[in-house]
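Understanding the architecture of this molecule
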Amino acid sequence: MDTALKIAFLGLGRMGAPMARHLLSRGYELTVWNRTPEHARPLEAAGAVVAATPGAAVRGADLVVTMLADPAALRAVAESVLPALRPGVHWIDTSTVGPEAVRELAGRLPAGVALTDAPVMGSVDRAATGELWVLAGGAPLPSRVGEVLDVLGEVTDCGPLGSGAALKLVLINAAVGWVALVAEALRLGEAMGLPEELVRGRLARGPLAGAVARAYADTSNFPVALAAKDVALATAHAPLPVLEAVHTVLTSRPELADRDLSGIRR
């Protein structure tokens, strides 16, 4: 493992901060940036260098890792980063932005700069321990990229550029849809006078067991607003009437926007 690599890590939100901290704990040299500077201070205390801008963060970096909220955030960061990239740098985007945003970014990269899309599946606690599912597009992966992704979790080689981003939309939308279905099953049981624990227990004995566990998870920290964003990205690709209905559910209660997805069962 080449811990002499200089990594610029951009985006220290719910997932980015524990991912960056985990890389620091494995001996990597990190320069970090976050739109809200206060979120970077704990990483500074852990040994990271804090940059004032994305462009400043990537100067001298060997690898750039981004974990950003949506395609608009990725485009905004790219405006600052692209002029500062030197030939030989490899950009790893772990955000959930969809394949179009990945290909758009690839088309803007200067000569000699490569891109891997590597969105992740997993909760905040798994990000902190390097147990994520990493969905990598842009094969074959250079060894230095593969080594860093291995530190973050279990890597699946998904194929050409954009395929990791595409598979992430498939998987996360399946997960969101199942949780929404569990929430409605619980609501139906309540309407018919059944105890919640009875309904929950029997659902957990069948094919919805994983979705039931996620619907009651208390360590995931996946906001409803981000789930709605992921569903919107998916429904832009194909007619998905069930997920369109789920999107309506996710956006119909603004008070849940910052709460974990499990909040929709209440």
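Please read all numbers here as calculations on a predicted model, not as lab measurements. (Residues numbered from 1 in each chain as written. Predicted model: local features only at pLDDT ≥ 70, side-chain atom pairs only at ≥ 80, totals over all residues. Heavy atoms only, no water.)

Here Ala-40 is to be found in the loop between strand 2 (29–33) and helix 2 (41–45). On the accessibility criterion, Ala-40 (1% relative accessible area) is buried. Once residues within four sequence positions are removed from consideration, Ala-40 is found in contact with Leu-12, Val-32 and Val-50. (Helix = DSSP H or I, 4+ residues; strand = E, 2+ residues; numbered from the N terminus. Buried < 20%, exposed > 50% of the residue type's maximum accessible area, 1.4 Å probe, protein only. Contact = heavy atoms within 4.5 Å.)

The next subject is the pairing of strand 5 (residues 90–93). Neither face of strand 5 is open: one carries His-90 and Ile-92, the other Trp-91 and Asp-93, and all of them are buried. Of the crossover connections in this fold, the one passing from strand 4 (residues 63–66) over helix 4 (residues 71–81) to the parallel strand 5 is right-handed. Examined bridge by bridge, strand 5 and strand 6 (residues 114–117) share 4 bridges and lie parallel to one another. In the sheet register, Ile-92 faces strand 6, and the bridge partner there is Thr-116. With respect to chirality, the unit in which strand 5 leads through helix 5 (residues 99–108) into the neighbouring parallel strand 6 is right-handed. (Right-handed = clockwise from strand over helix to strand, strands pointing away. Pairing = 2+ DSSP bridges.)

Listed under "domain: 6-phosphogluconate dehydrogenase NADP-binding" (unreviewed entry) in the UniProt record, and renumbered for this structure, are residues 6–154. Counting secondary structure, residues 6–154 comes out at 38% helix and 23% strand; the distance between its end C-alpha atoms is 22 Å. (UniProt positions renumbered as here; feature names shortened; annotations may be inferred.)

Moving on, we come to the packing of helix 8 (residues 163–191) against helix 11 (residues 224–235). Two numbers describe how helix 8 lies on helix 11: the axes approach to 9 Å, and their chain directions differ by 125°. By the criterion of interaxial angle, the relationship of helix 8 to helix 11 is oblique. You can see that helix 8 and helix 11 cross each other, and the crossing is left-handed. Counted together, Leu-169, Ile-172, Asn-173 and Val-176 of helix 8 and Ala-227, Asp-230, Val-231, Leu-233 and Ala-234 of helix 11 form the full contact between these two elements. Partitioned by chemical class, the residues of the contact of helix 8 with helix 11 number 7 nonpolar, 1 polar and 1 charged. (Axes fitted to C-alpha atoms, helices over the stretch in contact; angles between N-to-C directions. Parallel < 35°, antiparallel > 145°, perpendicular 65-115°, else oblique. Left-handed = near helix turned anticlockwise from the far one by under 90°. Nonpolar A, V, L, I, M, F, W, Y, C, P; charged D, E, K, R; others polar.)

Counting 32 residues, the largest nonpolar core has Phe-9, Met-19 and Leu-30 as the members making the most contacts within it. Within the residue set of this core, elements represented by two or more residues are strand 1 (6–10), helix 1 (16–25), strand 2, strand 4, helix 6 (124–129), strand 8 (132–137) and helix 7 (143–152). Discounting chain neighbours no more than four positions away, the residues touching Met-19 are Phe-9, Met-67, Thr-94, Val-120, Ala-127, Leu-132 and Leu-152. Listed in part, the 27 residues of the second largest apolar core include Met-121, Leu-135, Ala-180 and Val-246. (Core = buried A, V, L, I, M, F, W, Y, C linked by side-chain atoms within 4.5 Å.)

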